[in-house]
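Secondary and tertiary structure notes
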Amino acid sequence: MPLALTHLDRLEAEAIHIFREVAATFSNPVMLYSIGKDSSVLMHLAMKAFYPAKPPFPFLHVDTTWKFREMIAFRDRMAEHLGFDLLVHINEEGVRDGINPFDHGSNTHTHVMKTLALRQALDKYGFDAAFGGARRDEEKARAKERIFSFRSAGHGWDPKNQRPEMWKIYNTRVAPGESIRVFPLSNWTEQDIWQYILQEEIPIVPLYFAKKRPVVDRGGMTIMVDDERMRLQPGEKVEERMVRFRTLGCYPLTGAIPSAATTLEEIVGEMLTARTSERQGRLIDRDEAGSMEKKKREGYF
Amino acid sequence: MLTANNALRREDNVVDIRDYVAGQENKGLLRFLTCGSVDDGKSTLIGRLLYDTKLIFEDQLATLERDSRKHGTAGDGIDFALLVDGLEAEREQGITIDVAYRFFATPKRKFIVADTPGHEQYTRNMATGASTADLAIVLVDARQGILPQTRRHSMIASLLGIRHIVLAVNKIDLVEFDRSVFERIAGEYRDFAADLGFDTIQPVPISARHGDNIIDPSPNTPWYDGPSLIAHLETVDVDARVEDRPFRFPVQYVSRPDLDFRGFSGTVASGRVALGDEVTIAKSGRRSRVKRLVAHGGDLAEAVEGQAVTVVLEDEVELSRGNMLVGPEARPHVADQFSANLVWFDDKPLLPGRAYILRTETDEVSATVSQLKHRRNINNFAQEAATSLELNEVGHCHFSLQAPIAFDAFADNRATGAFILIDRLTNATVGAGMILRPLRRAANIHWQALDVTPQSRAAIKHQKPAVLWFTGLSGSGKSTIASLLEKKLHAAGRHTYVLDGDNVRHGLNRDLGFSDEDRVENIRRVAETAKLMADAGLIVLVSFISPFRAERRMARELINDGAFVEIFVDTPFDECARRDPKGLYAKALKGEIQNFTGVDSPYEPPERADIHIPTVGRAPEELVDDVEAWLKERGYC
């Protein structure tokens, strides 16, 4: 009686295939590690793909300096526990110029501390392939992107002129300076991610679980007061509320949702009845129409 | 999700989450694409499917309503196409440029949809979506009927191995739900698709905009007794023939973390393998047994199609990326020549004889189209004679590879019978191929084991063989310099030969003209001849305009490393035209000669020639001295 592969088995196999393809054909790959749930799944798959060996590439975290403190603590714990090679890059010029989401707005902050920082890091180490955890179900521009997504020497994406991507035959050839962004989770949905985390018991940042947290309401979102840099505006008051996060980014730009889900099962249950998309919690996607595409063309993941 | 909502209200607490998840996981998955001509409503249909299966979140709906007012083409209503046309340029132009992947589920199945563009210029993006799909929804506008793009997409779907078609006759509301229109289009489609090898063709009359026959049978088409679109997608059986196929395991990556472990990682392309099974290495025919099937979290007893595993063998065997582990009984072909169908994706045409990189799932080899047998006419699928393939054209080709690869016919195995072609200079993916069969010629001509080697032939002549490749415009001075150099080398006791246009075009290449295709073939033959002469121990001086970088590069790769010396005789066009030793420029500029390099046919100067000799203001003898000095320095004379 032959085994029947489940939907998740197939997604897992596809991702592992992609990891191995990159390791076999690129000279200097890196995995972008953003600490969120998709990164946790991506890391888990990387471990599986090369077992019993360790993944033959380093993990890079581009730190905007505005991540939740619990994210940084989790990152360092995982690096120590799994023993992977962790690189952390901060745009020091941005820090020197005091770039922050409050004074400069989410657009400038994201561009300087994330997009530019990422480009700096990729250039500094000369990476020719970079894994990211983006999924096609997240956003319209992402739905259009190839699994192996070509980037020019300036890290630009040309959405109108993507390489055809036939079957599982990936064109991994690049000229010096050019690179490929690789998305092993392209065909996963948010539901698949949670079901896989549940099935594989993958550790995730505690911020995904509901807990009493200090929050304020701002611009239609619920923002957590994660450290003393959070400046209150007139009329705002900090309240302790039972909340969790569906997606994680910079704390001043990431909205919490009211929730009582404190276990993985409860999160999955909540997710199954959700009526809004996860990226609704991301301020940066709502700045303007086509905002994600524009960021991606500039080199954002 | 609709069901998830109903069955899983948290307050009801009716279903245990883990049970529910397990149930989800046992659902089948159908990957399909929507295709057809521009404005037939592909994106609108997908938007409708997502909407009707409650897969559109509230914030997305809000964005959609906002965008519909800004860009929409549906009047006051929601323009569902804006859900999938995700690129700014697409929304502005109201067209689909690239394929978008969307995900939805019903209680019976999970679906991944590729929404593909209808414009002919984006056919390669349609092919991208089709390559991973099992079923195609071909949309036809009821008012327009079957259009050339309907035929092209159906043919490409068929070539790419899709065996199931839904013919969605859309905008049926705009023809007053007229049964005869539907039946005429369905009949016409069946007629022309008869030769395309589809297992099922299901025509459905729909209105993507209003939802007729999408989820439920529409009261507007009482005469239609077939399934609704979703009902058909939920039940159509696309899994035929996948069981019991021969074992194929293309090796992707060799895992060697330490001296005690050597595993071969890859994805099972077909069939199954179990612990202890005998397996054969495709290219060498050597046999071994499966010692372990390694996976994170514990070894496996068996692995099946689609599974990514790491195989450890009993024996120390020669095996690396590009090779395949296969069942010992039904083995794949191993050959360096085969015939295949080819879809061309590039703005620059396919040139038979030009070297491209051919890539299978894990193997990569230099390849040329040795013969373009015919092109397929997309309207009547007739075979037509052709000398090249233009963008979006489909042809039947013979391929010749620099080294043998292991493969199956595409009809037997989509994973091991497909390849892409990559341009050597731009790295662009320029074509996709589906292998038909090996060409037996290759198997019968075995290389003779040679005792007298190129080295021994060179040694007896006391010289270092070389191919000195002079390139430059007509009249630049290539032949003058080559012939002066040959005299000097000859005087020094070297064994030489000059190949130039005159002695080759009048004999070996007398059948070739000056079109791009013929220029490529001309250079290929000259390069092969020069290679044989260099193997014989000679210093070969090749004096050819050789205008294209790609062919000069092909010659360099063909001829042994280090023996190829590219010499750019750099004389500007105006100077060549002024010298005009054969009176050819005068004629070409008057339009009496066609395809003349520098006039109406391009010359691509070398980017990094080994020797670069600007000629203006210098005597030929000085130039020859320069070349000779370069050669002396490197031990050629």
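Just so it is clear, the model here is predicted, and its values are computed rather than measured.

What counts, and at which threshold
Residues numbered from 1 in each chain as written. Chains lettered and ligands numbered in written order. Predicted model: local features only at pLDDT ≥ 70, side-chain atom pairs only at ≥ 80, totals over all residues. Heavy atoms only, no water. Helix = DSSP H or I, 4+ residues; strand = E, 2+ residues; numbered from the N terminus. Buried < 20%, exposed > 50% of the residue type's maximum accessible area, 1.4 Å probe, protein only. Contact = heavy atoms within 4.5 Å. Areas by Shrake-Rupley, 256 points an atom, 1.4 Å probe, with all protein chains shown as cover. Lys, Arg positive; Asp, Glu negative; His and termini not counted. Charge placed at Lys NZ, Arg CZ, Asp CG, Glu CD. pLDDT = per-residue confidence, 0-100. Expected span 1.5 Å × (residues − 1). Bend = angle between axes of the 7 residues up to and from the residue. Polar contact = N/O pair within 3.5 Å; in protein donor to acceptor, adjacent residues only side chain to side chain. Domains from an automatic or database assignment. Buried area = accessible area lost by both parts, 1.4 Å probe. Salt bridge = Lys/Arg side-chain N within 4 Å of Asp/Glu carboxyl O. Nonpolar A, V, L, I, M, F, W, Y, C, P; charged D, E, K, R; others polar. Pairing = 2+ DSSP bridges. Axes fitted to C-alpha atoms, helices over the stretch in contact; angles between N-to-C directions.

1. As for the overall build of chain B
On a plain count of helices and strands, chain B comes out with 19 helices and 26 strands. Along the first, second and third principal axes, the C-alpha atoms of chain B reach 100 × 70 × 45 Å. The buried share among the 637 residues of chain B stands at 57%. A sequence separation of at least 24 residues applies to 71% of the contacts in chain B between residues at least 6 apart. With an accessible surface of roughly 27100 Å², chain B has 48% of that area assigned to carbon and sulfur atoms. Within chain B, the 93 negative side-chain charges are centred at a point lying 4 Å from the centre of the 77 positive side-chain charges.

2. A word on the environment of B:G635
Here B:G635 is to be found in the segment after α19 (620-633). Between the C-alpha atom of B:G635 and that of B:H164, which follows or precedes it by 471 residues, the distance is 65 Å.

3. Focus: the confidence of the model for chain B
Residues and elements named next belong to chain B. Across chain B, the average pLDDT comes to 86, with 92% of residues at or above 70. Counting interchain partners and residues more than four positions distant, the pLDDT-below-50 stretch residues 1-14 has 29 contacts. Within the model, the stretch residues 444-449 combines pLDDT values under 50 with zero contacts to residues more than four positions away or in other chains. Both scores are given for the predicted complex: the pTM is 0.80, the ipTM 0.90.

4. Examining helix α5 (residues 101-125) of chain A
Residues and elements named next belong to chain A. The end-to-end C-alpha distance of α5, which contains 25 residues, comes to just 27 Å, noticeably less than the 36 Å that a straight helix rising 1.5 Å per residue would cover. At N107, α5 shows its maximal bend, which comes to roughly 80 degrees. Buried residues of α5: P101, S106, H109, T110, V112, M113, T115, A117, L118, A121 and L122, and no others. Its side-chain oxygen placed 2.8 Å from the backbone nitrogen of F102, N100 serves as the N-cap of α5. Within two residues after α5, G126 carries a phi angle of roughly 65 degrees, on the positive side.

5. Topic: the domain arrangement of chain A
Residue and element names in this part refer to chain A. Assigned domains within chain A: domain 1 (7-193 + 290-298) and domain 2 (202-285). Of note, the centres of domain 1 and domain 2, computed from C-alpha atoms alone, are 23 Å apart. With 33 residues of domain 1 at the interface, the matching set in domain 2 holds 32 residues. At the boundary of domain 1 with domain 2, total buried surface from both sides reaches about 3000 Å², with 60% on carbon and sulfur atoms. One can count three salt bridges joining domain 1 with domain 2. A salt bridge links R69 to D226, with the shortest nitrogen-to-oxygen separation between them at 3.8 Å. Taken together, domain 1 and domain 2 are joined by eight residue pairs in polar contact (both at pLDDT 80 or more). The set of elements that each furnish at least two residues to the side of domain 1 that touches domain 2 consists of α2 (37-50), α3 (69-82), α5, α6 (190-200) and α8 (291-297). It is α5 that provides the largest number of residues to the side of domain 1 that touches domain 2, a total of seven residues. Of the residues that constitute the side of domain 1 that touches domain 2, the class distribution is 10 nonpolar, 11 polar and 12 charged.

6. Looking at the sheet that holds strand β7 (residues 248-258) of chain B
Residue and element names in this part refer to chain B. Taking strand neighbours around the barrel as the criterion, the six strands line up as β7-β8-β13-β11-β10-β14 in a closed arrangement whose pairing is antiparallel. On average, each strand axis in the sheet is tilted by 50 degrees relative to the strand beside it, whichever way the strands run. Summarising the sheet, strand β10 (residues 278-281) and strand β14 (residues 324-326) pair through two bridges and their orientation is antiparallel. Bridge pairing links I281 to L325 in β14.

7. Re the interface of chain A and chain B
In this assembly, 73 residues from chain A lie in contact with 88 residues from chain B. Contact between chain A and chain B buries roughly 7000 Å² in total, counting both sides, with carbon and sulfur atoms accounting for 56%. Our enumeration of links across chain A and chain B arrives at six salt bridges. Residues B:E361 and A:K168 are paired through a salt bridge, measuring 4.0 Å at the closest nitrogen-oxygen approach. Scanning the region where chain A abuts chain B turns up 25 residue pairs in polar contact (both at pLDDT 80 or more).

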